[in-house]
Amino acid sequence: MKILITGGAGFIGSHVIRQFVNNYPEYHIFNLDALTYAGNLENLKDIEQSSNYSFLKGDITDESFINTIFEEHRFEGVIHLAAESHVDRSITDPLAFAKTNILGTMVLLNAFKNLWNDNWEGKRFYHVSTDEVYGTLGNTGLFTETTPYDPNSPYSASKASSDHFVRAYGETYGMPYVISNCSNNYGPNHFPEKLIPLFINNIINNKSLPVYGDGNYTRDWLYVIDHARAIDLVFHKGSNHETYNIGGFNEWKNIDLVRLLCKLMDQQLGREEGNSERLITYVKDRPGHDLRYAIDASKINKALGWAPSVTFEEGLDKTIDWYLANEEWLQHVTSGAYQDYYKKQYQ
Ligand code: NAD
Ligand code: DAU
């Protein structure tokens, strides 16, 4: 089977590539990535020489390039992760999100439809999406697969739109698809613009920790390798035209999470307890900031037997260990354009 994985040089994509390349020697895995600021081939050093792996550099919005590679390689499966993924960047540059996340998804859907032209036996289009499409929860309740879509940021609106197009291709053209909507991931190779890796990097460098608003926003955190395992299961065993919610059963208020991170980092860095907490700085809130996300992952648990394998403390420990052991990776991704982004976003 030839499988196209898009966005495979990014955070989650690189773990999904590794999961498939290592576990399915009978497949050929093609990684298509534009290598934007978030894409990094250093994430894939350990598997880049594998005989069942190829890298294709290109943009999912480039219709003629996409049509050409679909005709050349005749992908039977697509696992689509390529996206602009950071909410804060979607607030400053919403059009980039519409282009990649909506138009890019449509270009892939169209290429897949035109290639197989109703010959759908053994084919599958898997769209990797987010729980943010459901909007925000109050203090109680959980997102289920039937929660109405109610996105609040340009990022989540673009992901919601792409989900709708995937469904529409399923209904209109009979395209076999699955969608999963996952909560916040964390772990190795996470770009340091998102909360956990940004704060790890700032703690290492004794820089302030910019907590938005009062810090009482809640997210449901999942270790990225558990997400990659879930994607493997949904791709192989999920039912056609179904959606699966994936989450960590692991809700944390930002400020509690930041305090835990400070404590673990102080221990690992051999710093006095309380040292990193002094870096916490409350800053201007994110516009349209969703109060709380929390996933009811009982459908994937009952239907496919998936559950997270790593506790939050174990996952955070592994994550901190990885960043401390990979300072060179951190230095590469935080030089140049990152410094400009950081200044614009935080000063
Ligand atoms: P990321 O930003 O780390 O990586 C995105 C990748 O897509 C990068 O390698 C980038 O180079 C590539 N890319 C961007 N635009 C492209 C284009 N036009 N053409 C080709 N490649 C392009 O993102 P991530 O955090 O790994 O998220 C991956 C997917 O999972 C996204 O679709 C995101 O919406 C979804 N998701 C993320 C999370 C999370 O917590 N990070 C949770 C749920 C769902
Ligand atoms: O829920 C899934 C989503 O999780 C994914 O779809 C997105 O791609 C991913 O980026 C993530 O979105 P969030 O906006 O929840 O993640 P982020 O790490 O940006 O922020 C997590 C929380 O921390 C959020 O409440 C905002 C807050 N925050 C974030 C940053 C970057 C801060 O307080 N300070 C910060 O500097």
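Remember, predicted model here, so these are calculated numbers, not experimental data.

The rules behind each value
Residues numbered from 1 in each chain as written. Chains lettered and ligands numbered in written order. Predicted model: local features only at pLDDT ≥ 70, side-chain atom pairs only at ≥ 80, totals over all residues. Heavy atoms only, no water. Helix = DSSP H or I, 4+ residues; strand = E, 2+ residues; numbered from the N terminus. Buried < 20%, exposed > 50% of the residue type's maximum accessible area, 1.4 Å probe, protein only. Near = heavy atom within 4 Å. Polar contact = N/O pair within 3.5 Å; in protein donor to acceptor, adjacent residues only side chain to side chain. Areas by Shrake-Rupley, 256 points an atom, 1.4 Å probe, with all protein chains shown as cover. Nonpolar A, V, L, I, M, F, W, Y, C, P; charged D, E, K, R; others polar. Expected span 1.5 Å × (residues − 1). Contact = heavy atoms within 4.5 Å. Phe/Tyr/Trp six-rings, centres within 6.5 Å; stacked < 30°, edge-to-face > 60°. Lys NZ or Arg CZ within 6 Å of the ring centre and 35° of its normal. Pairing = 2+ DSSP bridges. Axes fitted to C-alpha atoms, helices over the stretch in contact; angles between N-to-C directions.

Caption draft 1: The arrangement of unusual backbone geometry in detail. A positive phi angle, near 50 degrees, is found at Arg74, a position not held by glycine. Tracing the sequence through the fold places Arg74 in the loop between α2 (63-73) and β4 (77-80). Classification of Arg74 as partly exposed rests on a relative accessible area of 42%. Backbone geometry places Asn206, a non-glycine residue, at a positive phi of 55 degrees. With respect to the helices and strands, the residue Asn206 is situated in the loop between α6 (195-204) and β8 (209-212).

Caption draft 2: Up close: the site of ligand 2. Around ligand 2 there are 26 residues in total, and Thr130, Asp131, Tyr155, Arg286 and Tyr346 lie nearest to it. Between Ser85 and ligand 2, the recorded distance is 2.7 Å, taken from a backbone N or O atom to an oxygen atom. Within the side chain of Thr130, one N or O atom sits 2.7 Å away from an oxygen atom of ligand 2. Notes on ligand 2: free accessible area 690 Å², of which the protein chains cover 95%. Listed by contribution, the elements that provide at least two residues to the shell around ligand 2 are α3 (87-92), α6 and β8. Class assignment of the residues belonging to the shell around ligand 2 gives a composition of 12 nonpolar, seven polar and seven charged.

Caption draft 3: Inspection of helix α8 (residues 254-269) at higher detail. With 16 residues, α8 extends 22 Å between its outermost C-alpha atoms, agreeing within 8% with the 22 Å of an ideal straight helix rising 1.5 Å per residue. Residues Asn254, Ile255, Leu257, Val258, Leu260, Leu261, Cys262, Leu264, Met265 and Asp266 constitute the buried set of α8. Each element contacted by the buried residues of α8 is listed here: α6, β8, β9 (218-223), β11 (251-253), β12 (280-283) and α10 (312-325). Of the residues flanking the end of α8, it is Gly270, one or two places downstream, whose phi is positive at about 65 degrees.

Caption draft 4: Representation of the packing of aromatic side chains in the model. Taken as a whole and judged by the stated rule, the model has 26 aromatic pairs. Between the aromatic rings of Trp322 and Tyr323, the centroid separation amounts to 4.9 Å while the plane-to-plane angle is 85 degrees, which identifies the pairing as edge-to-face. The class for Trp322 is buried, based on a relative accessible area of 18%. Accessibility expressed as a relative area gives 0% for Tyr323, which makes it buried. Note on Tyr342 and Tyr346: the rings are 4.7 Å apart at their centroids and 35 degrees apart in plane angle, and the pair reads as tilted. You can see Tyr342 and its partner Tyr346 sitting in helix α12 (residues 337-346), four residues apart, about one turn around the helix. The structure contains a cluster of three or more aromatic residues connected by ring pairs, namely Tyr37, Phe191, Tyr212, Tyr338, Tyr341, Tyr342 and Tyr346. Over the aromatic face of Trp116 sits the side chain of Lys123, whose NZ or CZ is 4.3 Å from the ring centroid. Over the face of the ring belonging to Tyr244 we find Lys299, whose NZ or CZ atom lies 4.8 Å from the ring centre.

Caption draft 5: Summary view of the sheet that holds strand β7 (residues 184-186). Spatial ordering of the open sheet is given by β7-β9-β11, a layout of three strands whose pairing is mixed. Since the sheet does not close on itself, it has two edges, and those belong to β7 and β11, each with one partner. Between one strand axis and the next, the sheet turns by 50 degrees as a mean value, whatever way the strands run. Pairing of β9 with β11 involves three bridges; the strand directions are antiparallel. Bridged to Arg219 within β11 is Trp252.

Caption draft 6: Main features of the site of ligand 1. Near ligand 1 there are 29 residues, and of these Ile12, Asp33, Ser85, Tyr155 and Lys159 occur at the shortest range. Between an oxygen atom of ligand 1 and a main-chain N or O atom of Phe11, the distance comes to 3.1 Å. Here Ser85 contributes a side-chain N or O atom positioned 2.7 Å from an oxygen atom of ligand 1. Considering each element in turn, the shell around ligand 1 owes the most residues, three residues, to strand β5 (residues 124-130). Within the shell around ligand 1, the residues separate by chemical class into 13 nonpolar, 12 polar and four charged.

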